[in-house]
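Spelled out, the chains give:
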Protein chains: 6
Amino acid sequence: MSDIAPLPTLLVEPIVRAALLEDLGRAGDITTAAVVPREARFFGAMVARRPGTIAGTAAARIAFELVDHSFEISVLQPDGSVVAAGQPVMHIKGPAQAVVTAERTALNFISHLSGIATVTAELVAGVGNYKARITCTRKTTPNLRALEKHAVRAGGGVSHRFGLDDGILIKDNHVALAGGISPAIRSAKSGLGHMVKIEVEVDTLEQLEEALNEGVDAILLDNMGPDLLRKAVAMIDGRAMSEASGRITADQVPAIAASGVDIISAGWITHSAPALDLGLDFGVTR
Amino acid sequence: MSDIAPLPTLLVEPIVRAALLEDLGRAGDITTAAVVPREARFFGAMVARRPGTIAGTAAARIAFELVDHSFEISVLQPDGSVVAAGQPVMHIKGPAQAVVTAERTALNFISHLSGIATVTAELVAGVGNYKARITCTRKTTPNLRALEKHAVRAGGGVSHRFGLDDGILIKDNHVALAGGISPAIRSAKSGLGHMVKIEVEVDTLEQLEEALNEGVDAILLDNMGPDLLRKAVAMIDGRAMSEASGRITADQVPAIAASGVDIISAGWITHSAPALDLGLDFGVTR
Amino acid sequence: MSDIAPLPTLLVEPIVRAALLEDLGRAGDITTAAVVPREARFFGAMVARRPGTIAGTAAARIAFELVDHSFEISVLQPDGSVVAAGQPVMHIKGPAQAVVTAERTALNFISHLSGIATVTAELVAGVGNYKARITCTRKTTPNLRALEKHAVRAGGGVSHRFGLDDGILIKDNHVALAGGISPAIRSAKSGLGHMVKIEVEVDTLEQLEEALNEGVDAILLDNMGPDLLRKAVAMIDGRAMSEASGRITADQVPAIAASGVDIISAGWITHSAPALDLGLDFGVTR
Amino acid sequence: MSDIAPLPTLLVEPIVRAALLEDLGRAGDITTAAVVPREARFFGAMVARRPGTIAGTAAARIAFELVDHSFEISVLQPDGSVVAAGQPVMHIKGPAQAVVTAERTALNFISHLSGIATVTAELVAGVGNYKARITCTRKTTPNLRALEKHAVRAGGGVSHRFGLDDGILIKDNHVALAGGISPAIRSAKSGLGHMVKIEVEVDTLEQLEEALNEGVDAILLDNMGPDLLRKAVAMIDGRAMSEASGRITADQVPAIAASGVDIISAGWITHSAPALDLGLDFGVTR
Amino acid sequence: MSDIAPLPTLLVEPIVRAALLEDLGRAGDITTAAVVPREARFFGAMVARRPGTIAGTAAARIAFELVDHSFEISVLQPDGSVVAAGQPVMHIKGPAQAVVTAERTALNFISHLSGIATVTAELVAGVGNYKARITCTRKTTPNLRALEKHAVRAGGGVSHRFGLDDGILIKDNHVALAGGISPAIRSAKSGLGHMVKIEVEVDTLEQLEEALNEGVDAILLDNMGPDLLRKAVAMIDGRAMSEASGRITADQVPAIAASGVDIISAGWITHSAPALDLGLDFGVTR
Amino acid sequence: MSDIAPLPTLLVEPIVRAALLEDLGRAGDITTAAVVPREARFFGAMVARRPGTIAGTAAARIAFELVDHSFEISVLQPDGSVVAAGQPVMHIKGPAQAVVTAERTALNFISHLSGIATVTAELVAGVGNYKARITCTRKTTPNLRALEKHAVRAGGGVSHRFGLDDGILIKDNHVALAGGISPAIRSAKSGLGHMVKIEVEVDTLEQLEEALNEGVDAILLDNMGPDLLRKAVAMIDGRAMSEASGRITADQVPAIAASGVDIISAGWITHSAPALDLGLDFGVTR
């Protein structure tokens, strides 16, 4: 899927700035300062070394621009693009010192985020013609959640709640602490704003029935196989959104999607996606 | 390897604090506030669901303590410990609301960092009795480098330079821009402080000879197979540290270590290590 | 309404700390340092000078504690309490210098937030036995939204979406820019996560019908009088939540609530509520 | 009063940036991203819906520019201008998405600050031809004091001390803790810098006499009616500035000004001024 | 002079925290972690190696406490104390690792600030029985002004205005740009708050007369020798405070003080004071 | 020495921004706002009042540009240049208000840093034709270390380790706590990365022999006179870098350099260098 809305620069820039400072340390790029002629110019491309789905072009571009304002960068493959190995993702023109200094930070962002987009796209492909949509969870890398959720969207997924404050998700621990599904849902509904949805996690069809009787917006069906999911979807019968969850691999997606669930969520697409290999191919003019 | 020196709390706390705020958003944990009784107490354990090597206990502990000062936490398996599936890593006692609120942030840190420690330990095991040591690169997750390098140490690895400012590493781009190995090294040496080491990347034995003639502290042998590495090590003959690099998988480590190199570096142990699965097993008292 | 869940200290403390530093400036409280004996102790109370509903006790308490860790503070009237003129809200015991230094910052928070809670409670009272609930908007004081929304809850209101990212609210501008109600709703639904609600603003019954045909979670009925609201509620007939909006004063609330709407929103309860007068009554021991 | 000196952008920008981030949250403006065409352009005006005095144009302009650098904004009514209902305050030209995203933040600043300027101007008008000047106190909205004091100046008021560190103001609490007016003033004078003024609060003419005997720069006459103020001003006889204070409403200003005091201070002009209603009138080109 | 009011911890702690992080870098104290046994305890003293006046004990103490909460520190010589070479300033008891890690940061603060206090005390001593007081200027070390002005007070000096916002100081540049002494003073007086003082810099007796005719609170007599100062003081005749300024060395202070000026200001006491040598004498228990 | 590599703007700008805000306070430059016409233009020069070596031009330039984006500044004497009294360092053209506001902050940076560069250059000159290089220590001004180390390089010095994390320096305290030179070095070597150097401080030739037997990269010869240094250098015989340290004045440098040491380090060049006097010579056009 291409052409998703970019994150606001106001959100992305401080994260990229911090990452550059993490790498620059307290004395800056001492190798480049000593070795690369100041007047050298760079003209080259950031290239995908493996096939995948791109995310993070904004962060990469900002990394170069924060090091030097004069860069001319054109993004050839915006977030959500599917690329082949060897395909250029962006053209970069600017001072050679600044390219070498910013290169690693730029690549760290785009490789990490494209890795997430790539595995998300694989899950989305596994859904085929079923209606299920792929989403991620709150199992994200600390302090990168906004960027990682954006990468999931770049891969064709949709968003779940962002954090603890923008949706009610009653999980097994909450149920145990509240003394059951019904009391938990009732407590949650009291005082709830009209723009907040409620989802509840259930492990059995009995719990599911209890939840449906109370009425909720969505139900998380935890660690259920395709057969049980099919029964659950039938019981729900359109009264709530259904979400299948629990260590779902790419191989299992087709069968789970066939069960008729609305949402398939997977934590590993954010916490364990391998980075997509990208690199800089470069030419130099002095 | 157990009992490595912890990172200063002054460094770790701001990162954990930011991650908690990322999850709390602007209204806090609205599910827990509505559903979990305030007086409920939690007594339970953080448990490894898979075998691996632990890193990140400090970040996890700080996550709980930042949400509530009254937690009593005892770390059973400090960073560097090897654990079996099902083994408890820390005991946690405190208010149930705070446990549920902090749980995901604490687990996100320790799962991510233990994943890195675990793959590092696998590479270390592959070295066997050879002298080679495992190290990571600057291909780290943005803004988590300090914690990820600590996780590499927890897995038995050693540190490379932290960033662009604390060591000279002349890479292929620098060589190209400087006009050759020799001019690059000479530029780098001029004005160098006495506590800074110089390493240079070479792709061929010809480049290696040029580097050895100039004199450097370490040589990065990029993308060389075991045979070529063996020749390179023989040429170096103790005049510099030798580092093998370039998409080195766990399978390849024994053969590479047998070549006699001093250092084996791998970027993927920080950018593509799958998270280690840990979870909270819990009991409650009201 | 009493006993609402407090905001996390992690969220409140940085705001209070910044406010103290705003007042301390660069040399601290030079009057108190010169005039108040260091050994003097304070024992007294923060007292409501006018009747109202309390909010902001946490911020006030944190203001004192940030200036001196040894304070003993007991909150007598937690957020949501209704107080009479002259009634003590919290007892405060600590060093006299620190009391005088922190007093204004503590009072600025609790007066501002209690002012908001007080007018909210007046609107809630106006609803009487009708089902309508009172909510605020995004017309809040810059950088105090979390605290102000908490104050609205303390006054018996409920929360609307917190910001631009946690709910879809299609307003008149969006409709104009999208080329109509239907295309706006359809664009919004494509790619929407399952935990996000959609609300659309309508000005006429024609627009309302168009919105109902598309299907949304809630409808904002803008600037409609009681009669028109009654017709709109009848048309909606339970298919969506109904929200009445548009400069609604306390006098108008009963008639609007009688129209049967689910939600009455008012921007002025956050942007134009007069502060509730509170002060410190104090005794001193040297 | 028009054409007051603007606050430095260095001071204003971080506050506006934080307010935008408060509203953008972690995913940005999801409604606008989904609904408003990216290529749509906006040309319109920010308009006063009610008559009043303008303050906060810089903050409003910065809000738009931080969301998109390409805005062309011309301020028609600078801070301090008196406007009629319907009068345009600034012309705005830029991308429609950015206008809709920044609109609420920009309006929140200018409405809040113009509200303060407007009530200040009403008090200033009440003074008529007397010499008294209107000033605010430290009863300001947390973390907005610089902007609010600027708004008071825009309304024709003058500044009091900014915080606890830039002037000595001995209040009743200080007097009580120091053991009397005289010892308090003497302690304050010892070690005082030559650029710092001393003001002391008195409740009675006896206290006033004691203060005058010690010698101070200014005297705060707390909660005195016009007659008592007249006597106090006569006693002071030019030996110090006189400040009338204590819940002074617009109605009371003429009588108080007629007493001959130099300064009339009012806390409510910053903590309880209703916002001035402003909005965006807009045209669109695609 | 002893027993001056301490700066608020809220102001000092962030500066010390930043300085510790500057030294800890991204991996912490790797020498101490590798070399010093974790269980080793330290009991020792911070000692003055040269005679001088102490300032900065709070910053030093905070440096240790931020590294480890369990320190027991007793300050023997509070800010403002005069010490002999070899005299202990504070006793320190805590973990040896933490002492060694925090030592340099603690010493950097107290040495720098005590250096300033020491030269200030020398100027104060030079005044003898004359009434002149010593003050510093805005020629301070970037981002340390609050601490440096506190150090000046510790040395017996008094404060000047803190920055550009808390006093009017019309300097030669302002006069030139405003078109003369009189127009500058008149512009400054218009709209001035009643708690702000005005000082004007004059270079000649003609300018002085012009300033006195306008009326100001203080006059900066720039680069005048003792004779000219004496004439200026006579002309002023108590109508304003008189401040002598312009590269005033310790040797010149007595003659300048004898001229009868109220204030002697010196920029070099903050920007060029040599650090006072302090060190740690330590014993260890394991 | 001229033409040293500049520090990254990303590092310098936040420090300059904080310093400007420290001076602007909460109301900005109230004198300039009241007195200097807004339309006045400035064209002038920053000039050295005394001879010396320049450092800090980037910080000074950034100070002006942060106050107003329209400045045209040309640096005539880049960092490392040797200037005579009266020589212009940079030409400055821009709004007069902004010049007067930024002037003090810009001068505070360049005066402080040029003071350090100047004394460093004096020590470098003292070395003459010997091979010794001058370096500073960690005795720097809190939170200015990056700029001060850059100033040392501008004066012809070289860098030592930046902080506690980028090199092993075993000092006397570490030796005492570790139980001797040998155990300290052995502990440090275990687990050390291949890019980290080890230096050890020795006080006697016996300690030196012990260190040489263990093998280290560098040896700090503390408080040794020229004769002892000569013996130490002979013993070392090229097996490690030799560093002479301990209150080394400019007068002593020649004799110490003649001893054959590689490095001469001095703490006072950062903590006690007097500021170099620079000022603004200005012309104005209205």
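Analysis parameters
Residues numbered from 1 in each chain as written. Chains lettered and ligands numbered in written order. Predicted model: local features only at pLDDT ≥ 70, side-chain atom pairs only at ≥ 80, totals over all residues. Heavy atoms only, no water. Least-squares fit on C-alpha atoms with pLDDT ≥ 70 in both. Phe/Tyr/Trp six-rings, centres within 6.5 Å; stacked < 30°, edge-to-face > 60°. Lys NZ or Arg CZ within 6 Å of the ring centre and 35° of its normal. Helix = DSSP H or I, 4+ residues; strand = E, 2+ residues; numbered from the N terminus. Buried < 20%, exposed > 50% of the residue type's maximum accessible area, 1.4 Å probe, protein only. Lys, Arg positive; Asp, Glu negative; His and termini not counted. Salt bridge = Lys/Arg side-chain N within 4 Å of Asp/Glu carboxyl O. Contact = heavy atoms within 4.5 Å. pLDDT = per-residue confidence, 0-100. Pairing = 2+ DSSP bridges. Axes fitted to C-alpha atoms, helices over the stretch in contact; angles between N-to-C directions. Buried area = accessible area lost by both parts, 1.4 Å probe. Polar contact = N/O pair within 3.5 Å; in protein donor to acceptor, adjacent residues only side chain to side chain. Expected span 1.5 Å × (residues − 1). Core = buried A, V, L, I, M, F, W, Y, C linked by side-chain atoms within 4.5 Å. Parallel < 35°, antiparallel > 145°, perpendicular 65-115°, else oblique. Left-handed = near helix turned anticlockwise from the far one by under 90°. Nonpolar A, V, L, I, M, F, W, Y, C, P; charged D, E, K, R; others polar. Domains from an automatic or database assignment.

**What about the relation of the copies chain A and chain B?**
Right, on to step 1. Overlaying chain A with chain B gives an RMSD of 0.0 Å, the required rotation being 180° about an axis along which the chain moves by 0.0 Å. Viewed as a symmetry operation, the transformation between the two copies matches a two-fold axis.

**What to know about the packing of aromatic side chains**
Right, on to step 1. Per the stated rule, a full pass over the model turns up six aromatic pairs over all chains.
Right, on to step 2. In this arrangement the basic side chain of lysine 149 of chain B is found over the ring face of phenylalanine 162 of chain B, its NZ or CZ atom lying 5.8 Å from the centre.

**A few points about the side chain of glutamate 148 of chain E**
All names here are of chain E.
Right, on to step 1. On the secondary structure map, glutamate 148 appears in helix H5 (residues 145-154).
Right, on to step 2. Salt bridges are absent for the buried glutamate 148, whose nearest opposite-charge side chain, arginine 145, sits at 6.8 Å.
Right, on to step 3. Those residues in contact with glutamate 148 that lie beyond four places of it in its chain are His112, Leu113, Ile116, Thr140, Thr141 and Thr270.

**Comments concerning the confidence of the model for chain A**
The predicted coordinates of low-pLDDT regions are not to be read in fine detail.
Right, on to step 1. The pLDDT averaged across chain A works out to 95; a share of 98% of its residues lies at or above 70.
Right, on to step 2. Interface scoring of the predicted complex returns ipTM 0.96; its pTM is 0.97.

**Considering the sheet that holds strand E9 (residues 218-222) of chain F**
Residues and elements named next belong to chain F.
Right, on to step 1. Strand order in the open sheet made by the six strands is E6-E11-E10-E9-E8-E7, with parallel pairing throughout. Whereas interior strands pair on both sides, the edge strands pair on one side only; in this sheet they are strand E6 (133-135) and strand E7 (168-170). Within this sheet the neighbouring strands show an average axis-to-axis angle of 25°, counted without direction.

**Topic: the interface of chain A and chain B**
Right, on to step 1. Opposite the 68 residues of chain A that make contact, chain B presents 68 residues.
Right, on to step 2. Carbon and sulfur atoms supply 55% of the area buried between chain A and chain B, which totals about 5300 Å² over both sides.
Right, on to step 3. Counting the surface chain A buries against chain B, the share from its top three residues, Glu22, Leu164 and Leu177 of chain A, is 14%.
Right, on to step 4. Where chain A meets chain B, there are six salt bridges.
Right, on to step 5. In this structure, the salt-bridge partner of arginine 145 of chain A is aspartate 23 of chain B, at a minimum N-O distance of 2.7 Å.
Right, on to step 6. There are 36 residue pairs in polar contact (both at pLDDT 80 or more) connecting chain A and chain B.

**Let's talk about helix H1 (residues 9-24) of chain C**
Residues and elements named next belong to chain C.
Right, on to step 1. Along its 16 residues, H1 runs 22 Å from first to last C-alpha, staying within 8% of the 22 Å computed at 1.5 Å per residue.
Right, on to step 2. Inspection of H1 places Leu10, Leu11, Val12, Ile15, Val16, Ala19, Leu20, Glu22, Asp23 and Leu24 among the buried residues, and these make up the whole buried set.
Right, on to step 3. Where H1 ends, the next residue or the one after it, glycine 25, has phi of about 60°, a positive value.

**Brief notes about unusual backbone geometry**
The bulk of non-glycine residues show a negative phi, and the bulk of peptide bonds are trans.
Right, on to step 1. Phi at asparagine 143 of chain D takes a positive value of approximately 75°, unusual for a residue other than glycine.
Right, on to step 2. Structurally, the position occupied by asparagine 143 of chain D is in the loop between strand E6 (133-135) and helix H5 (145-154).
Right, on to step 3. Taking relative accessible area as the criterion, asparagine 143 of chain D reaches 22% and is therefore assigned partly exposed.
Right, on to step 4. Positive phi outside glycine occurs at aspartate 237 of chain E, with the angle close to 55°.

**Overview of the sheet that holds strand E8 (residues 198-202) of chain B**
Residues and elements named next belong to chain B.
Right, on to step 1. Strand order in this open sheet of six strands is E6-E11-E10-E9-E8-E7, and the pairing throughout is parallel. Two strands close off the open sheet at either side, each with one partner strand: strand E6 (133-135) and strand E7 (168-170). Averaged over neighbouring strand pairs, the angle between their axes works out to 25° when direction is ignored.
Right, on to step 2. Sheet topology places E6 next to strand E11 (residues 263-265); three bridges connect them, and they run parallel. Looking at the pairing, isoleucine 134 lines up with isoleucine 264 of E11.
Right, on to step 3. Together, strand E9 (218-222) and strand E10 (241-245) form the strand contacts of helix H9 (residues 226-236), whose direction differs from that of E9 by roughly 165°.

**Considerations on the nonpolar core**
Right, on to step 1. In this structure, Met46 and Ile219 of chain E together with Met46 and Ile219 of chain F are the most contacted members of the largest nonpolar core, which totals 192 residues.
Right, on to step 2. Leaving out residues up to four positions away in the same chain, isoleucine 219 of chain F has contacts with Glu199, Val200, Val202, Leu208, Ala211, Leu212, Ile236, Ala240, Met241, Ser242 and Glu243 of chain F.
Right, on to step 3. Val216 of chain A together with Ala60, Ile92 and Ile264 of chain B belong to the second largest nonpolar core, which has 191 residues in total.

**A look at the packing of helix H1 (residues 9-24) of chain E against helix H4 (residues 96-127) of chain E**
Residues and elements named next belong to chain E.
Right, on to step 1. Packing of H1 against H4 leaves a shortest axis separation of 10 Å and a crossing angle of 130°. When the axes of H1 and H4 are compared, the pair comes out oblique. Of the two possible hands of crossing, H1 and H4 adopt the one that is right-handed. Only Thr101, Ala102, Arg104, Thr105 and Phe109 of H4 make contact with H1, whose side of the interface consists of Ile15, Val16, Ala19, Leu20, Asp23 and Leu24.
Right, on to step 2. Residue composition of the contact of H1 with H4, grouped by class: seven nonpolar, two polar and two charged.

**Overview of the relation of the copies chain E and chain B**
Right, on to step 1. Mapping chain E onto chain B leaves a residual RMSD of 0.0 Å; the transformation is a rotation of 120° accompanied by 0.0 Å of translation along its axis. Here the symmetry operator amounts to a three-fold rotation axis. Of the C-alpha atoms belonging to chain E, the one lying closest to the rotation axis is found on proline 14 of chain E, 7.4 Å away.

**A look at the domain arrangement of chain A**
Residue and element names in this part refer to chain A.
Right, on to step 1. As assigned here, chain A comprises domain 1 (9-119 + 273-285) and domain 2 (125-271).
Right, on to step 2. On the domain 2 side, the residues contacting the 13 residues of domain 1 number 14 residues.
Right, on to step 3. Carbon and sulfur atoms supply 74% of the area that domain 1 and domain 2 bury against each other, a total of about 1100 Å² over both sides.
Right, on to step 4. If you sort the residues of domain 1 by the area they bury against domain 2, Ile15, Leu113 and Ile116 come out on top, with a joint share of 38%.
Right, on to step 5. Counting every contact that joins domain 1 to domain 2 gives zero salt bridges.
Right, on to step 6. At the boundary of domain 1 with domain 2, the tally comes to three residue pairs in polar contact (both at pLDDT 80 or more).
Right, on to step 7. The element best represented in the side of domain 1 that touches domain 2 is helix H4 (residues 96-127), accounting for six residues.
Right, on to step 8. Looking at the side of domain 1 that touches domain 2 residue by residue, the class counts come to nine nonpolar, three polar and one charged.

**Quick word on the interface of chain E and chain B**
Right, on to step 1. Of the residues lining the interface, 12 residues belong to chain E; the matching set on chain B comes to 13 residues.
Right, on to step 2. Summed over both partners, the interface of chain E with chain B comes to about 980 Å²; 63% of that surface belongs to carbon and sulfur atoms.
Right, on to step 3. Together, Leu21, Arg26 and Arg38 of chain E form the three largest contributors to the area buried by chain E at its contact with chain B, with a combined 57%.
Right, on to step 4. On the surface where chain E and chain B come into contact, there are one salt bridge.
Right, on to step 5. Across the pair aspartate 165 of chain B and arginine 26 of chain E runs a salt bridge whose closest N-O atoms are separated by 2.5 Å.
Right, on to step 6. Scanning the region where chain E abuts chain B turns up two residue pairs in polar contact (both at pLDDT 80 or more).
Right, on to step 7. When residues of the side of chain E that touches chain B are traced back to their parent elements, those giving at least two are H1 and helix H3 (57-67) of chain E.
Right, on to step 8. The element contributing the most residues to the side of chain E that touches chain B is H1 of chain E, with four residues.
Right, on to step 9. Looking at the side of chain E that touches chain B residue by residue, the classes come out as seven nonpolar, two polar and three charged.

**Considering the environment of isoleucine 73 of chain D**
All names here are of chain D.
Right, on to step 1. Residue placement: isoleucine 73 occurs in strand E3 (residues 72-75).
Right, on to step 2. Given a relative accessible area of 18%, isoleucine 73 falls into the buried group.
Right, on to step 3. Separated by 70 residues in sequence, isoleucine 73 and asparagine 143 have C-alpha atoms that sit 27 Å apart.
Right, on to step 4. Contacts of isoleucine 73, omitting those with residues within four sequence positions, involve Arg61, Phe64, Glu65, Met90, His91 and Ile92.

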